[in-house]
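Report on the structure
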Amino acid sequence: MILKNILFSFLIFIFFSGNVFSHQKSQSYTSWEGENIDGNFEVTVKTKISKSILFSQLQNNGYKVDMLETYFKNKIYSEACSSINLEILRTNNAFFKIKETFSCSTDKPIFNYNLFFDLNITHLDFSSQKSNDEKLPDFIISSETKKLNLFVEQSEASMNLSFYNFLYFGFLHILSGLDHIAFLLLIIFLCKSYKTLLLAISGFTIGHSISLFSSVQGLIISSASLVEIMIGFSILVCSIEVLGKKTNQLVLFSNYVISLWALLTFIIFIFFPSQALFFLSLGFMVFSYLRLSNNYQNNLNLIFITLVFGFIHGLGFAGAINEIFLPSEDMLKILIAFNLGIEIGQILIFLVVALLVSLLNLFKLEIVKNYSVLAVSLIIFGYSLNLIIERSFLVL
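Computed from a predicted structure; not experimentally measured.

Bringing empty space enclosed by the protein into the picture now. Going through the model one piece at a time under the given rule, you end up with 2 cavities of 30 Å³ or more. In this structure, the second largest cavity occupies an estimated 30 Å³ of space. For the second largest cavity, the full set of lining residues is Phe 183, Leu 184, Ile 187, Ala 200, Ile 201, Phe 204, Thr 306 and Phe 350. Mapped onto the lining of the second largest cavity, the elements with two or more residues apiece are α5 (178-190) and α6 (194-216). Taken together, the residues that form the lining of the second largest cavity break down as 7 nonpolar, 1 polar and no charged.

Listed below in structure tokens is the structure:
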């Protein structure tokens, strides 16, 4: 029986370590700058988006990397303006940038912004605007507000940086991010009672609230790419813990992890020596935590890990709004709204899962519940591996 469990554990590790479709929040950041030049009014549009998000979405919609110019052409247009220059700026950091200049017949042109919405209907763009060096209100572009009246003092209520819009943005951010949902599901699987679940939720909430506020206030400076890797890593750790406890093979799994991670670190050291120490430390961290979880099974371990990983996820939440210019007088209000939206989304996820578990318990389907937890955890395990590999290429 032990040999059978070992073989089964090994096979599920291999089978689910393949490529699983990954998802990141689709959002971009755009600046609109208007200026009178030699009697003409020129509008310069600069847009940036995460490389991993862009390339993944282009590939999923049938585009190739060498088709970038074809995709971007005529995605931003105005009847009162004509495009005079389009530049695609390939940078070495985590963002992909484009710049387009228009010559307009009016200083208050109406633009149609169709970038990225054909790739992802839930895409959001956070825009700033400036006319002749005068800063004007920032606004949000969604699939429902793609027609823009630029360089006016008042924007539509559905486009401005209001409390309600950031509440909705936080709610959408958590529900559209499979990485955050996957982590929350694993936390639910690890909790044996509603009291433990409440403590775990509190730890996650405190952790991501501290890092979100600290990061946006500039008290913490982090690498967006490394944060994304650590989010994938947090999911990997918890998925292994769930699988190990459900199959009573946690010690064996931790041995697998440290062995495979040592091999991975050695390969990274050969090709990317400067990053080897970082990945080695991650391997020792997961090994130590899994052994600690196996030897000392109490609520403090779960609270500690949710607090730490909540802090990491909070840096990911902060990355969603750090690129936006937030007026200092509205900073606290917007951050509270965004964080509250995240909490509402989390509560909704917990309620849905609790309802499903209650139904399974009501109909005495304990075996179905256990196998469902195992199957979902396996899928999340493969998903987390894919996240780490995919996001590591942005750093290496």
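The rest of the description comes next.
Quick look at the state of the cysteines now. Covalent bonding between the sulfur atoms of two cysteines is what defines a disulfide. Following the criterion strictly, the structure yields 1 disulfide and no others. At a sulfur-sulfur separation of 2.0 Å, the disulfide partner of Cys 81 is Cys 104. Between Cys 81 and Cys 104 the sulfur-sulfur dihedral comes to about 110°; the bridge is accordingly right-handed. One end of the pair, Cys 81, is in strand β4 (residues 81-90); the other, Cys 104, is in strand β5 (residues 95-104), and 23 residues separate them in sequence. For the pair Cys 81 and Cys 104, a shared accessibility class is recorded, and that class is buried.

Our focus in this paragraph is the layout of surface pockets. The space that makes up the largest pocket amounts to roughly 800 Å³. Contributing to the lining of the largest pocket are 31 residues, with Ile 188, Phe 189, Cys 191, Lys 246 and Val 373 lying nearest its centre. When residues of the lining of the largest pocket are traced back to their parent elements, those giving at least two are α5, α6, α7 (224-247), α11 (331-362) and α12 (366-392). With 7 residues, α11 is the single largest residue contributor to the lining of the largest pocket. Split into classes, the residues belonging to the lining of the largest pocket amount to 18 nonpolar, 8 polar and 5 charged.

Turning to a nonpolar patch on the surface, a few remarks are in order. Judged by side-chain polarity, Leu 175, Leu 348, Val 352, Leu 355, Leu 356, Leu 359, Leu 362, Phe 363, Leu 365 and Val 368 come together as a nonpolar surface patch covering roughly 900 Å² of accessible area. Secondary-structure assignment places Val 352 in helix α11. Accessibility expressed as a relative area gives 44% for Val 352, which makes it partly exposed.

Take the pattern of salt bridges next. Under the definition given, this model contains 4 salt bridges. The salt bridge partner of Lys 245 is Glu 241, with a shortest N-O separation of 3.2 Å. Note that Lys 245 and Glu 241 are positioned in helix α7 at a spacing of 4 residues, about one turn of the helix. Lys 245 gets classed as partly exposed once you look at its relative accessible area, which sits at 33%. On the accessibility criterion, Glu 241 (2% relative accessible area) is buried. Across the salt bridge formed by Lys 369 and Glu 366, the nearest N and O atoms sit 3.4 Å from each other. Residue Lys 369 and its partner Glu 366 are located together in helix α12, separated by 3 residues, close to a single helical turn. The exposure class assigned to Lys 369 is buried, which follows from its relative accessible area of 17%.

To continue, consider the packing of α7 against helix α10 (residues 299-319). Interaxial distance between α7 and α10 falls to 9 Å at its minimum, and their mutual angle equals 145°. α7 and α10 meet at a crossing whose hand is left-handed. Where α7 approaches α10, its residues Val 227, Met 230, Ile 231, Ser 234, Val 237 and Cys 238 are matched on the opposing element by Phe 309, Ile 312, His 313, Leu 315 and Gly 316. Its residues assigned to classes, the contact of α7 with α10 comprises 8 nonpolar, 3 polar and no charged.

What follows is about the sheet that holds strand β9 (residues 147-149). Strand order in this open sheet of 3 strands is β3-β6-β9, and the pairing throughout is antiparallel. Either end of the sheet is taken by a strand with one partner, and the two such strands are β3 (76-77) and β9. Sheet topology note: the β3/strand β6 (residues 110-113) ladder contains 2 bridges and is antiparallel. Residue pairing across strands places Ile 76 opposite Tyr 113, the latter belonging to β6.

All right, on to the confidence of the model for the chain then. For any part of a model where pLDDT is low, the fine detail of the predicted coordinates should not be relied upon. In this model, the chain carries a mean pLDDT of 81, and residues with pLDDT of at least 70 account for 87%. For the chain, per-element mean pLDDT is lowest for helix α1 (residues 2-15), which scores 43, and highest for β6, which scores 94.

What follows concerns the nonpolar core. Formed by 71 residues in total, the largest nonpolar core has its most connected members in Phe 166, Phe 233 and Ile 235. At 11 residues, α7 tops the list of elements feeding residues into this core. Residues Val 43, Phe 72, Tyr 113 and Phe 116 belong to the second largest nonpolar core, which totals 30 residues.

Another aspect to go through is the packing of aromatic side chains. One pass over the full model with this rule turns up 19 aromatic pairs. Relative to Phe 126, the ring of Tyr 29 lies with its centre 6.2 Å away and its plane at 25°, an arrangement referred to as stacked. Within this pair, whereas Tyr 29 is found in strand β1 (residues 27-37), its partner Phe 126 is found in strand β7 (residues 124-131), the two being separated by 97 residues in sequence. Centroid distance Phe 72 to Phe 116: 6.2 Å. Interplanar angle 85°. Geometry classified as edge-to-face.

The rules behind these values
- Residues numbered from 1 in each chain as written.
- Predicted model: local features only at pLDDT ≥ 70, side-chain atom pairs only at ≥ 80, totals over all residues.
- Heavy atoms only, no water.
- 1 Å grid on protein atoms, 1.4 Å probe; cavity = no way out; pocket = protein on both sides within 12 Å on 5 of 7 lines; lining within 4 Å.
- Points joined across faces, edges and corners; volume = space filled by probe spheres on them.
- Helix = DSSP H or I, 4+ residues; strand = E, 2+ residues; numbered from the N terminus.
- Nonpolar A, V, L, I, M, F, W, Y, C, P; charged D, E, K, R; others polar.
- Disulfide = S-S within 2.5 Å.
- Buried < 20%, exposed > 50% of the residue type's maximum accessible area, 1.4 Å probe, protein only.
- Patch = residues over 30% accessible without salt bridge, like charges linked within 9 Å, V, L, I, M, F, W, Y side chains within 5 Å.
- Areas by Shrake-Rupley, 256 points an atom, 1.4 Å probe, with all protein chains shown as cover.
- Salt bridge = Lys/Arg side-chain N within 4 Å of Asp/Glu carboxyl O.
- Axes fitted to C-alpha atoms, helices over the stretch in contact; angles between N-to-C directions.
- Left-handed = near helix turned anticlockwise from the far one by under 90°.
- Contact = heavy atoms within 4.5 Å.
- Pairing = 2+ DSSP bridges.
- pLDDT = per-residue confidence, 0-100.
- Core = buried A, V, L, I, M, F, W, Y, C linked by side-chain atoms within 4.5 Å.
- Phe/Tyr/Trp six-rings, centres within 6.5 Å; stacked < 30°, edge-to-face > 60°.

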